[in-house]
Amino acid sequence: MESLQETEQSNSQEEDEIILSIRNLTIDFKVPRGLLRAVDKLNLDVYKGECLGIVGESGSGKSVLAHAILRLKDPNEIIRDGKILFEGRNVFEFSDKELREYRWKDVSIVFQGALTSLNPVLRVISHMVDTAEAHGIRDKKSVIKKATELLEMVRLDSDVVLRRYQHELSGGMKQRVVSALALLLDPKLVILDEPTSALDMLTQKFFVKILAEIKRKKNITMMFITHDIATVAEIADRVAVMYAGKVIEVGPVEEIFYNPLHPYTKALLNSIPSVVGDVSQFKPIPGIPPDPVNPPPGCRFHPRCPFATDTCSKVEPNLEKIGYKRWISCHRWREINHV
Amino acid sequence: MSEVLVETKNLVKEFKIRRRFGGGDRFIRAVDNVSITLREGENLALVGESGSGKSTLGRLTLGLLRPTSGNVFYMGKDIWKMTKEEFREFRRNAQIIHQDPYSSFNPVKTIFYSLSTPLLHHKIARNKREAYHMVADLLRRVGLEPPSDFMNRYPSRMSGGQLQRIAIARAISLRPKYIVADEAVSMLDASLRLGIIDLLLDLQKEYGLSYLFITHDLGITRYFIHKGGGKVAVMYLGSLVELGKGEEVIRNPYHPYTRILVEASPIPDPKMAKSRGIPKLRSLDIPSLTNIPPGCKFSSRCPYADTICEKKVPEYRKVDDRLVACHYAEQFKTGE
Ligand SMILES: Nc1ncnc2c1ncn2[C@@H]1O[C@H](COP(=O)(O)OP(=O)(O)OP(=O)(O)O)[C@@H](O)[C@H]1O
Ligand code: SF4
Ligand SMILES: [Mg+2]
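What counts and what doesn't
Residues numbered from 1 in each chain as written. Chains lettered and ligands numbered in written order. Predicted model: local features only at pLDDT ≥ 70, side-chain atom pairs only at ≥ 80, totals over all residues. Heavy atoms only, no water. Helix = DSSP H or I, 4+ residues; strand = E, 2+ residues; numbered from the N terminus. Buried < 20%, exposed > 50% of the residue type's maximum accessible area, 1.4 Å probe, protein only. Polar contact = N/O pair within 3.5 Å; in protein donor to acceptor, adjacent residues only side chain to side chain. Contact = heavy atoms within 4.5 Å. Pairing = 2+ DSSP bridges. Donors = N, O, S within 2.8 Å, 3.2 Å for Na, K, Ca; no water. Near = heavy atom within 4 Å. Areas by Shrake-Rupley, 256 points an atom, 1.4 Å probe, with all protein chains shown as cover. Nonpolar A, V, L, I, M, F, W, Y, C, P; charged D, E, K, R; others polar. Salt bridge = Lys/Arg side-chain N within 4 Å of Asp/Glu carboxyl O. Buried area = accessible area lost by both parts, 1.4 Å probe. pLDDT = per-residue confidence, 0-100. Axes fitted to C-alpha atoms, helices over the stretch in contact; angles between N-to-C directions. Parallel < 35°, antiparallel > 145°, perpendicular 65-115°, else oblique.

1. Structural notes on the side chain of Arg-238 of chain A
Residue and element names in this part refer to chain A.
Move 1: By the element assignment, Arg-238 lies in strand β9 (residues 238-243).
Move 2: Taking the relative accessible area as the measure of exposure, Arg-238 reaches 3% and is therefore buried.
Move 3: Engagement of the side chain of Arg-238 in a polar contact is seen with the side chain of Glu-50, the distance being 2.7 Å.
Move 4: Here the side chain of Arg-238 touches Lys-325 through a polar contact of 3.1 Å, landing on its backbone oxygen.
Move 5: With residues near it in sequence (within four places) discarded, Arg-238 still touches Asp-45, Val-46, Tyr-47, Glu-50, Cys-51, Leu-52, Gly-53, Val-250, Gly-251, Pro-252, Val-253 and Lys-325.

Below, the structure written as structure tokens:
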């Protein structure tokens, strides 16, 4: 942790723009097998106005992190340690009233699997009005005006869509409605958890373009969570890579894609063949993802890492700040990258 | 050239759907006049959006569904005209690997049970002891070592990647000739997908298998075909729209639909990805199978469609050694 604090001070102008700051966040779940560590001493900063892509494989803790930011707690969940600071205020210390204000007005979320999250007996218009009302906004007219504007922004015909029920919308339309709903109260930060995974290919592409446009126009901060690293190339300004409940590398999107420094990031990028480029360079990552109930000691990636040494299997690397909005957690990143 | 192993001729599969407010039955055509051939030891990758009929076609070739019309041939024999004995032999030779390994195993049976039962049933193993050794060999073959670690486990105690390896072990256990891999890597973590494909291709070399490899992911298709060779077929609303050899189909597509799929595939390159626009489509939403446009099925979305496309169903045109169902295939080949 030492290196973390040290460098933070020397970069105060960066700190000014921070909207969300997560420190040492550690979350366990009680499961039949024992304790499952879903988020593990996680550190992450989100800067105002950026789209931060969060990528990681299934089970790496992305959704648990997202829920924690909104303080949505599962009964089996134990917050072991850490804090989440939103504009400098610790979310874990919010009163009920503060929490109500915070949710949706400060931070909103589009849940993973949001395609099923609309109430089947309500028309889209009622979803909009009810959401506003739940947050104390009773001026129906202005809510509908706002909703209309947002639906147009996601390229939906508001006259038609507002009167529809969930089952009358296609998957792509639903996803856009749910996103418009998340923007209704002008939140400062929107978290999108796997917003494209349930959409078919062409709709995905379209939806990502729409999100990018919204972000540009409204200057909101976004966290775009996905297991598909290629998708964030298109929308993110920065990317955080998660492995076994930790952030292991963060940096500007071009740095992460053109100059990844962490062995896992490198291997991950090499394991996703795309429609362009030389396909013969791609290869799988050997081994299997770690078991969160019995994670490997030391660096969580060491059993699969081609560069692992004895130290790696014993000592946990810190998340070290190495440049402008750039962090890495690997003992050997310098040697490996000839720095 | 090797023998034709699996062949479909003008294959059609319709499903009856019930109307919500009565008024008689309606039919949707999930597979519409599809003819494909797969030779021994070769691959065919089948790509398309969800709902394009890929899985239905796969199941038809396995004899799991009966066609509405048209034929499926296995080694030259119409599978629906086979004797009981022949059909059973065919079913042993034609296996499937599903998308979700967890739902394809009995959750209350051990891995050993799930793998040994078919071996004993088909008398490939004469007794439990023999079955044990065969299962151990299979597990080793799919990279799960030591096998004794896995024998007595339940599916829920395995990771997705491990269980998919077991599904592969089960698929090859009866020494089949033909395997349908239906989105076999889609649900796995990105880091594991290529490992599973590599395994499938190693097994192909060893046993001379033929794969029908179904996926919606064009990057994965490229990897598979690049390493394993074979043909790529693109499906849209039940029809084959483009069929050609090798990854060229993806590198240089002729059909407007294939092109748009390629353009819409995410690329892990921020500069390139950000500079690409939204694919030009007349309509974003895929038409429902109950409401297929007349003429070319793609005409309601195709950015190049004209009145001919809206009226006339395109025939397959042979462009180079590719089949393309588009009125203007030749023009697209040379770049409009
Ligand atoms: N309510 C819960 N009870 C027990 N374990 C949980 C619970 N929620 C999450 N977990 C576990 O926490 C770990 C992290 O899960 P999480 O859902 O955050 O992963 P993810 O990165 O979002 O994965 P995916 O890409 O599959 O959505 C996993 O091992 C998961 O099984
Ligand atoms: S700390 Fe060691 S094991 Fe972990 S990524 Fe770096 S080199 Fe590999
Ligand atoms: Mg998740």
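2. Notes on the pairing of strand β1 (residues 4-17) of chain B
Residue and element names in this part refer to chain B.
Move 1: Examined bridge by bridge, β1 and strand β2 (residues 26-39) share 11 bridges and lie antiparallel to one another. From the neighbouring strand, Ile-17 faces β2, where its bridge partner is Arg-26.
Move 2: Of the strand pairs in this sheet, β1 and strand β4 (residues 69-74) are connected by 5 bridges, and their pairing is antiparallel. Its bridge partner lying in β4, Lys-9 is registered against Asn-71.

3. Observations regarding the coordination of the magnesium ion (ligand 3)
Move 1: For the magnesium ion (ligand 3), every protein donor is listed as Ser-63 of chain A (OG) and Gln-112 of chain A (OE1), and the spread of their distances is 1.9 to 2.2 Å. In this pair, Ser-63 of chain A sits in helix α3 (residues 62-69) while Gln-112 of chain A sits in the loop between β6 (107-110) and α5 (124-134), placing the two residues 49 residues apart along the sequence.

4. Things to note about the environment of Arg-123 of chain A
Residue and element names in this part refer to chain A.
Move 1: Residue position: Arg-123 is located in the loop between β6 and α5.
Move 2: According to the relative accessible area criterion, Arg-123 is partly exposed, its value standing at 34%.
Move 3: For the pair Arg-123 and Val-161, spaced 38 residues apart in sequence, the C-alpha to C-alpha distance is 8.6 Å.
Move 4: Setting aside its immediate chain neighbours within four residues, Arg-123 contacts Leu-162, Arg-163, Arg-164 and Tyr-165.
Move 5: A polar contact is formed between the side chain of Arg-123 and the backbone oxygen of Arg-163, at a distance of 2.8 Å.

5. Here's the deal with the site of ligand 1
Residues and elements named next belong to chain A.
Move 1: Looking at ligand 1, there are 16 residues lining it, with Ser-58, Gly-59, Lys-62, Ser-63 and Val-64 nearest.
Move 2: Within the side chain of Ser-63, an N or O atom sits 2.8 Å from an oxygen atom of ligand 1.
Move 3: Note that an oxygen atom of ligand 1 is positioned 3.0 Å from one of the side-chain N or O atoms of Gln-112.
Move 4: When ligand 1 is considered free in solution it has 640 Å² of accessible area, and contact with the protein chains removes 72% of it.
Move 5: Those elements that provide at least two residues to the shell around ligand 1 are β1 (18-31), β2 (34-47) and α3.
Move 6: Of all the elements, α3 adds the most residues to the shell around ligand 1, at 3 residues.
Move 7: Residues belonging to the shell around ligand 1 are distributed by class as follows: 6 nonpolar, 6 polar and 4 charged.

6. Topic: the site of ligand 2
Move 1: Lining the immediate surroundings of ligand 2 are His-262, Pro-263, Cys-299, His-302, Cys-305, Phe-307, Ala-308, Cys-312, Cys-330, His-331 and Arg-332 of chain A.
Move 2: For the shell around ligand 2, the class distribution of residues is 7 nonpolar, 3 polar and 1 charged.

7. Some words on helix α1 (residues 54-61) of chain B
Residues and elements named next belong to chain B.
Move 1: Of all 8 residues in α1, 6 are buried, a share of seventy percent or more.
Move 2: Among the residues of α1, those classed as buried are Lys-54, Thr-56, Leu-57, Gly-58, Leu-60 and Thr-61.
Move 3: Downstream of α1 by one or two residues, Gly-63 has phi in the positive range, about 75 degrees.

8. Digging into the pattern of salt bridges
Residue and element names in this part refer to chain A.
Move 1: For the coordinates displayed, the defined rule picks out 46 salt bridges over all chains.
Move 2: Measuring nitrogen to oxygen at the nearest pair gives 2.7 Å for the salt bridge that ties Arg-37 to Asp-28.
Move 3: On the accessibility criterion, Arg-37 (28% relative accessible area) is partly exposed.
Move 4: Arg-89 serves as the salt-bridge partner of Asp-106, at 3.8 Å between the closest nitrogen and oxygen. Taken as a pair, Asp-106 in helix α4 (residues 96-106) and Arg-89 in strand β5 (residues 89-90) lie far apart in primary sequence, 17 residues in all.
Move 5: Here Asp-106 falls in the buried class, since its relative accessible area comes to 11%.
Move 6: Because the salt bridges share partners, they merge into one network encompassing Asp-28, Arg-37, Asp-40, Lys-41, Arg-80, Lys-246, Arg-300 and Glu-316.

9. Observations regarding the interface of chain B and chain A
Move 1: On the chain A side, the residues contacting the 47 residues of chain B number 47 residues.
Move 2: A buried area of about 3,900 Å², summed over both sides, lies between chain B and chain A, and 65% of it is on carbon and sulfur atoms.
Move 3: Taken as a group, Ser-191, Pro-268 and Leu-284 of chain B account for 15% of the area that chain B buries against chain A, more than any other trio of residues on that side.
Move 4: Joining chain B to chain A, the criterion identifies 12 residue pairs in polar contact (both at pLDDT 80 or more).
Move 5: Counting residues per element, the side of chain B that touches chain A draws most heavily on helix α7 (residues 190-207) of chain B, which supplies 7 residues.
Move 6: Here the residues of the side of chain B that touches chain A sort into 22 nonpolar, 10 polar and 15 charged.

10. Re the environment of Thr-148 of chain A
Residues and elements named next belong to chain A.
Move 1: Take Thr-148: it is sitting in helix α6 (residues 140-153).
Move 2: Thr-148 sits 72 residues away from Ile-220 along the chain, and the two C-alpha atoms are 19 Å apart.
Move 3: Here Ile-144 takes part through its backbone oxygen, which lies 2.6 Å from a polar atom of the side chain of Thr-148.

11. Here we look at the pairing of β4 of chain B
Residue and element names in this part refer to chain B.
Move 1: Examined bridge by bridge, β4 and strand β5 (residues 77-78) share 2 bridges and lie antiparallel to one another. Note that in β5 the partner of Tyr-74 across the bridge is Lys-77.
Move 2: With antiparallel pairing between neighbouring strands as the criterion, β4 and β5 make up a hairpin whose turn holds 2 residues, including Met-75 at a positive phi of roughly 45 degrees.

12. Looking at the sheet that holds β2 of chain B
Move 1: Read from one edge of the open sheet, 4 strands run β2-β1-β4-β5 (chain B), paired in antiparallel fashion. If you trace the sheet from one side to the other, it starts and ends with β2 and β5 of chain B, each paired once.

13. Some thoughts on the confidence of the model for chain B
Move 1: Here chain B shows a mean pLDDT of 92. Residues at 70 or above account for 98%.
Move 2: Listed scores for the predicted complex are pTM 0.89 and ipTM 0.86.

14. Regarding the packing of α6 of chain A against helix α9 (residues 201-218) of chain A
Two quantities define a packed helix pair, namely the angle between the axes and the distance from one axis to the other.
All names here are of chain A.
Move 1: Where α6 meets α9, the axes come as close as 10 Å, and the angle between the chain directions of the two elements is 130 degrees. One finds that α6 runs oblique with respect to α9. Along the contact surface, α6 presents Lys-146, Leu-150 and Met-153, while α9 presents Ile-210, Glu-213, Ile-214, Lys-217 and Lys-218.
Move 2: Here the residues of the contact of α6 with α9 are counted per class, giving 4 nonpolar, no polar and 4 charged.

15. What to know about the sheet that holds β1 of chain A
Whenever strands of a sheet pair, they do so through backbone hydrogen bonds, lying parallel or antiparallel.
Residues and elements named next belong to chain A.
Move 1: What the 4 strands build is an open sheet, ordered β2-β1-β4-β5; its pairing is antiparallel. Sheet topology places β2 and β5 at the edges, where each strand pairs with a single neighbour.
Move 2: The sheet contact formed by β1 and β2 spans 10 bridges and is antiparallel. When the bridges of β2 are listed, Phe-29 appears paired with Leu-36.
Move 3: Of the strands in this sheet, β1, β2 and β4 (77-86) are in contact with α3, which crosses β1 at around 115 degrees.

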